[in-house]
Amino acid sequence: MHLIKNMITHLGTIFRRDSHKMSADRLDVVIFGATGFTGNCAVEKSVEFLSKVKWGIAGRNQSKLEGVRERIGTKVSKDLSEIPIIIADVGDEESLKKMAEQAKVVVNCCGPYRHFGEAVVKACIAAGTHHVDVSGEPQYMERMQLEYDEAAREAGVYVVSACGFDSIPADLGTLFHERHFEGVVNSVETYLVAKSTGPGASLHYGTWESAIYGLAHANELRSLRSKLFKERLPSMKPSLKNRPIFHRAPVVRNAVCLPFLGSDRSVVMRSQRFLFETQKKRPVQVRTYMSVGTYFTALLFILAGAIFSLFTRFSLGRRLLLDYPKLFSFGFASHEGPSEEKMKNTKFTMWFQGAGWPEALAEGEDQYADPPTKKLVTKVSGTDFGYGNTAACILLCATTILKEHSKMPGKGGVLAPGAAFGKTSLIDELNKNDVFTFEVVSAKEDSQN
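Below: a short report on this structure. (Residues numbered from 1 in each chain as written. Predicted model: local features only at pLDDT ≥ 70, side-chain atom pairs only at ≥ 80, totals over all residues. Heavy atoms only, no water.)

### Structural notes on the overall build of the protein
Counted only if it meets this: Secondary structure elements follow DSSP: runs of H or I of four or more residues count as helices, runs of E of two or more count as strands, with numbering from the N terminus. Here the radius of gyration uses the C-alpha set of atoms, whereas the globule reference equals 2.2 Å times the residue count to the power 0.38. Buried residues are those whose accessible area, probed at 1.4 Å on protein chains only, stays under 20% of the maximum for their type, while exposed residues exceed 50% and partly exposed ones sit between those limits. Throughout, a contact is declared for two residues whenever any of their heavy atoms are within 4.5 Å. Reported accessibility uses the Shrake-Rupley method at a 1.4 Å probe radius. Residues are deemed covered only where the shown protein chains occlude them. Lys and Arg are tallied as positive, Asp and Glu as negative. Neither His nor the chain termini are counted. Here the site of a charge means atom NZ of a Lys, CZ of an Arg, CG of an Asp or CD of a Glu.
When helices and strands are counted, the protein shows 18 helices and 16 strands. Since a compact globule built from 449 residues should have a radius of gyration of about 22 Å, the 22 Å found for the protein is in line with a globular shape. When burial is assessed residue by residue, the protein has 52% of its 449 residues classed as buried. Long-range pairs, those at least 24 residues apart, make up 81% of the contacts in the protein with a sequence separation of at least 6. Put simply, the protein shows about 21600 Å² of open surface, and 53% of that area lies on carbon and sulfur atoms. Distance from the positive charge centre (56 side chains) to the negative charge centre (49 side chains) of the protein: 3 Å.

See below:
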């Protein structure tokens, strides 16, 4: 394994050295997995978001790729027949290498990434090609950082996961919160409110499958993190405690809330750790929650979650979940995924409730003597967030790398989006293009504390 990684690093260094010579012949962006559900969304959004760059599509089936090109072209009333098609298969390393050599950035829409992501990352590093994906799988993301960060940095390649709804709103939303706090943030609690109207499923099968395997292998994270994060972050005081499993939050109109078990917190903390290690910035403590409305709904969530978790623990249970997604998700997930009408009628707001101090510590001090005296509430919101605007978001991440790589840290690496894009204009672009909207809601200083 060590020899293979050294070979990847060596090849990546060669490609980086020759990148100026090859760049004129490369497409700016290639969408890999273009025939899948998220890939289809990305191709459609590319007509708008990649209109000023050279782009192509990739996958393993020529006729299906031609079908996507024709169908999307008809839908948006635009001739896409000249968009290049590249044949590549995750089971064929040589084809992945050839694809990566034809792109400056690969937008990887082929999941579950636990099964199919590593081969694409490896090919991109070897070809000196940047890589973005929409993974919400902590095991995959953190293993890629552990095993390929050094090779990516040597090759001058940025590998950035979680470039969609998982977890751009949470990660960049935390940085946005800090940016507007005008002081030092001690802690942030996020509250997700998601709403969807209309009949049919809200999740595509691929998302459902990723969740099943992610939970089934959640026990891998402890060992993985002990290798990846050899030193603990410093203890911040006052420490941010977990709220009760059931609690009401004023920021979401006193709705009943539960812990949010998605990838957001792990992604945000990777960015916070990176900023601490590279800039000595005080890390923000983060807890994530979701609003479910009533105690009855909360109980249903707990019951469904318990059944889901139990079934992921053994092979027969996983097989049943995979074979009958509609049944075991109570209609929430399906092989077909959400309809266009359903996606258009889906919206979210993520609230950020932060606390801290208006002034930095005096030189030589490492902890505040008084409790936080300042509060700030911000929010990130959007529509069609699961797929349509997730596709728009990953394309903006790709074009940000193309246009603003000089504002990104170092020369490359395997990074969380906040660490990668914190100093770029990505938040402004997301706002300007109505992908996700970042807003300040209210600020308050408590003079009595």
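### Section: the state of the cysteines
What counts is decided by this rule: We call a pair of cysteine sulfur atoms a disulfide whenever their separation is within 2.5 Å.
All chains considered together, the criterion is met by zero disulfides. Counting only cysteine sulfurs, Cys109 is the nearest neighbor of Cys41, a cysteine outside any disulfide, at a range of 8.8 Å. Owing to a relative accessible area of 12%, Cys41 belongs among the buried residues under this scheme.

### Quick word on the packing of helix H5 (residues 93–100) against helix H6 (residues 113–127)
Short version of the rule: The convention used is that axes are lines fitted to C-alpha atoms, helices contributing only their stretch in contact, and that angles between N-to-C directions extend from 0 to 180 degrees. Put simply, angles under 35 degrees are roughly parallel, angles over 145 are roughly antiparallel, angles from 65 to 115 are roughly perpendicular, and the rest are oblique. Handedness of a helix crossing follows the sense of rotation of the near helix relative to the far helix, less than a right angle counterclockwise being left-handed and clockwise being right-handed.
H6 packs onto H5 with a crossing angle of 50° between their chain directions and a minimal axis gap of 8 Å. Viewed along their axes, H5 and H6 adopt a mutual orientation that is oblique. The element H5 and its partner H6 pack so that their crossing is right-handed. On the side of H5, the interface is formed by Leu96, Lys97, Met99 and Ala100, while H6 contributes Ala119, Val120, Ala123, Cys124 and Ala127.

### A word on the pattern of salt bridges
What counts here: Salt-bridge detection follows one rule: a side-chain nitrogen of Lys or Arg within 4 Å of a carboxyl oxygen of Asp or Glu.
Per the counting criterion, the structure on display carries 15 salt bridges. One salt bridge connects Lys75 with Glu340, and the closest N-O pair in it is separated by 2.3 Å. Placement of Lys75 in helix H4 (residues 62–75) and of Glu340 in helix H15 (residues 340–344) is noted, with a sequence separation of 265 residues between them. Classification of Lys75 as partly exposed rests on a relative accessible area of 39%. The salt bridge involving Glu147 is made with Arg143; its shortest N-O contact spans 3.4 Å. Taken together, the positions of Glu147 and Arg143, both in helix H7 (residues 138–155) and four residues apart, correspond to about one turn of that helix.

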